[in-house]
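Read off the chains here:
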Amino acid sequence: GAGVSQSPRYKVAKRGQDVALRCDPISGHVSLFWYQQALGQGPEFLTYFQNEAQLDKSGLPSDRFFAERPEGSVSTLKIQRTQQEDSAVYLCASSLALGRWYQETQYFGPGTRLLVL
Amino acid sequence: GENVEQHPSTLSVQEGDSAVIKCTYSDSASNYFPWYKQELGKRPQLIIDIRSNVGEKKDQRIAVTLNKTAKHFSLHITETQPEDSAVYFCAASSTSGSARQLTFGSGTQLTVLP
C-alpha cells in the first residue's frame, strides 16, 4: 500500500515568511510524529499526535512552530516568521499504535527540505 | 530525557567483511530499539528492531544485540555489499506515559569498498 507522503518535497522561503508542511500518514495509522533533521544529524523529535490529540509538543523549538491534525489523518506543521536556523529536513512518521504497552514501527515519509534564505 | 550515543561516526569496510555499530542509551525505561538505514536524500527505513525482552535478533545478514544492564545495543552486518553503503541510525524509545517518540543517535556513515 501507499507509504507516508509529504509535500512539498522542497521549499525555499525568505526569512520572515510563513510556511506550511503537509504529511499524509499511512491509512489507519493512529500515531503521527514530526521530526527535524539537520544536515549530518539524526532526526530530532518535534511533536506527536494520537488521532487528533496532540499528546506531546515538547520538542517544538519555539512558539513559531505549530502543528495540527484536526481530523486525525493529515497533519500540517506550520512555521511562522521563518529564520535561517529553521533550515532542515522535516520528517513525518506514522505508526499503527495498537496497544498502550507496545511500541509500533514508525514509518517515515520522504521529508520536506526547507531552506530559509 | 533519553540520550543516545552512537559510534563510530564513519566506518569503511571491504566488501564481504563485517561491520559493527554501537549505541548506548541513558533511560532505563527505554524498551524499544530500532535501527534505520538512510540513503542520501531518502527517507529513513527500518532495517531491524529489538525489544527489551530479548537479547538478540537476526534477519539474514543483519543482527542486533541488546545488553539492558549496560544500556547498550549493537548492529552487526555480515558479508557486507556495496549497496549496504548508507547512514545508519540507532534509536530508543519507551512506552512509559504518553511518550512514544524515538530518540536517535547521531548516525554512522558506512562505506563498503568494492
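Structure: see above.
Residues numbered from 1 in each chain as written. Chains lettered and ligands numbered in written order. Predicted model: local features only at pLDDT ≥ 70, side-chain atom pairs only at ≥ 80, totals over all residues. Heavy atoms only, no water.

Digging into the packing of aromatic side chains
Applying the stated criterion across every chain, the model contains 14 aromatic pairs over all chains. With a centroid separation of 6.1 Å and an interplanar angle of 70°, the aromatic rings of F108(A) and F104(B) are classed as edge-to-face. Placement of the pair is F108(A) in strand β10 (residues 107–108) and F104(B) in strand β10 (residues 103–104), with the two residues belonging to separate chains. Residues F108(A) and F104(B) agree in their burial class; the two are buried. Geometrically, the ring pair formed by F33(B) and F73(B) is tilted, given 4.9 Å between the ring centres and 50° between the ring planes. (Phe/Tyr/Trp six-rings, centres within 6.5 Å; stacked < 30°, edge-to-face > 60°. Helix = DSSP H or I, 4+ residues; strand = E, 2+ residues; numbered from the N terminus. Buried < 20%, exposed > 50% of the residue type's maximum accessible area, 1.4 Å probe, protein only.)

Quick notes on the interface of chain A and chain B
Across the contact, 26 residues belong to chain A and 20 residues belong to chain B. Summing both sides of the interface, chain A and chain B together bury roughly 1,900 Å²; the carbon and sulfur share of this comes to 50%. Our enumeration of links across chain A and chain B arrives at zero salt bridges. At the junction of chain A and chain B, the tally comes to six residue pairs in polar contact (both at pLDDT 80 or more). A class-by-class count of the residues in the side of chain A that touches chain B yields 12 nonpolar, nine polar and five charged. (Contact = heavy atoms within 4.5 Å. Buried area = accessible area lost by both parts, 1.4 Å probe. Salt bridge = Lys/Arg side-chain N within 4 Å of Asp/Glu carboxyl O. Polar contact = N/O pair within 3.5 Å; in protein donor to acceptor, adjacent residues only side chain to side chain. Nonpolar A, V, L, I, M, F, W, Y, C, P; charged D, E, K, R; others polar.)

Looking at unusual backbone geometry
P8(A) follows S7(A) through a cis peptide bond whose omega is -10°. Here P8(A) is to be found in the loop between β1 (5–7) and β2 (10–13). Residue P8(B) is reached from H7(B) by a cis peptide bond, and omega for that bond is -5°. By secondary structure assignment, the location of P8(B) is in the loop between β1 (4–7) and β2 (10–14).

Considering the nonpolar core
Considering soluble globular proteins, one finds that nonpolar side chains tend to be buried as a cluster. Of all hydrophobic cores here, the largest spans 23 residues; its most connected members are W35(B), F73(B), L75(B) and L110(B). For this core, the secondary structure elements donating two or more residues are β2, β3 (19–25), β4 (32–38), β5 (45–51), β7 (62–67), β8 (72–77), β9 (86–92) and β11 (108–113) of chain B. The residues touching L75(B), leaving out its near neighbours within four places in the chain, are A19(B), V20(B), I21(B), W35(B), I47(B), I48(B), I62(B), A63(B) and Y88(B). V19(A), L21(A), C23(A) and L46(A) belong to the second largest nonpolar core, which has 20 residues in total. (Core = buried A, V, L, I, M, F, W, Y, C linked by side-chain atoms within 4.5 Å.)

Some words on the state of the cysteines
In total, this model carries two disulfides over all chains according to the counting rule given. Covalent S-S linkage joins C23(A) and C92(A), the inter-sulfur distance amounting to 1.8 Å. Negative torsions about the S-S bond denote left-handed disulfides, and the value of about -65° found for C23(A) with C92(A) makes this one left-handed. With C23(A) in strand β3 (residues 19–24) and C92(A) in strand β9 (residues 88–95), this residue pair connects regions lying 69 residues apart in the sequence. The residues C23(A) and C92(A) share a single accessibility class, namely buried. Residue pairing for C23(B): its cysteine sulfur links by disulfide to C90(B), the two sulfurs lying 2.0 Å apart. Disulfide C23(B) to C90(B): torsion about the S-S bond roughly -100°, handedness left-handed. (Disulfide = S-S within 2.5 Å.)

Digging into the sheet that holds β3(B)
Residues and elements named next belong to chain B. Read across the sheet, five strands follow the order β1-β3-β8-β7-β6 without closing on themselves; strand pairing throughout is antiparallel. What marks the edges here is a single partner per strand, and that holds for β1 and β6 (56–59). Strand-to-strand twist in this sheet, taken as the mean axis angle between neighbours without regard to direction, amounts to 15°. With four bridges joining them, β1 and β3 adopt antiparallel strand pairing. Bridge pairing in β3 places H7 opposite K22. (Pairing = 2+ DSSP bridges. Axes fitted to C-alpha atoms, helices over the stretch in contact; angles between N-to-C directions.)

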